[in-house]
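Architecture at a glance
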Protein chains: 2
Amino acid sequence: MTAAPKPRHPVRGSTTGRPLMAALDLFGRRWTLRILWELRGGTLGFRPLQQRCDGMSSSVLRQRLTELQEARLVERDAEGGYGLTPLGKGASDELRGLYRWSERWAAELDEVPGGKPD
Amino acid sequence: MTAAPKPRHPVRGSTTGRPLMAALDLFGRRWTLRILWELRGGTLGFRPLQQRCDGMSSSVLRQRLTELQEARLVERDAEGGYGLTPLGKGASDELRGLYRWSERWAAELDEVPGGKPD
DNA sequence: CTCCATCGCTTCGAATTTCGAAGCGCCTGC
DNA sequence: GCAGGCGCTTCGAAATTCGAAGCGATGGAG
């Protein structure tokens, strides 16, 4: 399994170890952003989380959760559920900005419905 | 080639067409976030951009640029260079928040240098 | 206690994505 | 004319992701 990216360490696509590059590597993996988004409301178990992520494959979910735990964005609570650490909540808050942006995005694409009609 | 995700259309991992899901699909593809980040300072040509992205493979760069143009985050200027649209600048601004977050992330991981020492 | 559902998680072969080196035609400067 | 950079394409290999199947544990319901 590919290791979780960490700041101060070289990551895929950058050897400098700059924190942002580690973050871009981490968040550029499929499902990572989605998992943070789905956990924003509170703790979830493995299978419930999988269902919220439109039935994403369990093997990748396991992988992502391990990476996010290593990166200290996700931790398990007393009952074994997965939840965001304060750090993870911070990242998830940044996603809220992305959420607002995506609404603008949708609105603007509606205005200009894209070059060639079918 | 996989099509670029668009709001109001089903995307990988979600059939609802919610704008955020399209955004999460788009941004969850490798190099997409990095490209937006590298273009934040202004227009860049294909090869210069490729070099800034640590020599990422040209085939994928072409693919990502096509997707980002379809999504109207990137456009070409008069000289043919690649630059951000106002929409793309908005997305790139959200990344600035992520940049600040990643610094905190690095700082906190320095404090708690990871569970088991080797 | 037995049955049944759900849970967290693993395995593994197939499908998809990404890589990376090579090369094409075009243009510019020397 | 020729070297170098440009945008871009091709293609086989490597890495990632998928998705179905199944394991042992747990917790009711009957």
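Look a little higher up for the structure.
Residues numbered from 1 in each chain as written. Chains lettered and ligands numbered in written order. Predicted model: local features only at pLDDT ≥ 70, side-chain atom pairs only at ≥ 80, totals over all residues.

**Let's talk about the nonpolar core**
- Counting 55 residues, the largest nonpolar core has A:A23, A:L36, A:L73, B:A23, B:L36 and B:L73 as the members making the most contacts within it.
- For this core, the elements supplying multiple residues, two or more each, are α1 (19-27), α2 (32-38), β2 (82-84) and α5 (86-111) of chain A together with α1 (19-27), α2 (32-38), β2 (82-84) and α5 (86-111) of chain B.
- Setting aside chain neighbours within four positions, we find A:A23 in contact with B:L98, B:S102 and B:W105. (Core = buried A, V, L, I, M, F, W, Y, C linked by C-beta atoms within 7 Å. Buried ≥ 20, exposed ≤ 12 C-beta atoms within 10 Å, placed from the backbone. Helix = DSSP H or I, 4+ residues; strand = E, 2+ residues; numbered from the N terminus. Contact = placed C-beta atoms within 7 Å.)

**Here's the deal with the protein's contact with DNA strand D**
- Around DNA strand D sit 17 residues in total, of which A:S57, A:S59, B:G45, B:F46 and B:R47 are the nearest.
- Within the residue set of the surface near DNA strand D, elements represented by two or more residues are α4 (58-70) of chain A together with α3 (46-52) and α4 (58-70) of chain B. (Near = placed C-beta within 6 Å.)

**A word on the interface of chain B and chain A**
- Between chain B and chain A, the contact holds 36 residues from the first and 36 residues from the second.
- Elements with a contribution of two residues or more to the side of chain B that touches chain A: α1, α2 and α5 of chain B.
- Per-element tally for the side of chain B that touches chain A: the top contributor is α5(B), with 15 residues.
- A breakdown of the residues in the side of chain B that touches chain A according to their chemical character gives 19 nonpolar, seven polar and ten charged. (Nonpolar A, V, L, I, M, F, W, Y, C, P; charged D, E, K, R; others polar.)

**Overview of unusual backbone geometry**
- Backbone geometry places A:R8, a non-glycine residue, at a positive phi of 75°.
- Here A:R8 shows up in the segment before α1.
- Residue classification places A:R8 among the partly exposed positions, given that 13 C-beta atoms sit within 10 Å.
- At B:R72, a position not held by glycine, the phi torsion is positive, near 65°.
- Its 19 C-beta neighbours within 10 Å are what place B:R72 among the partly exposed residues.

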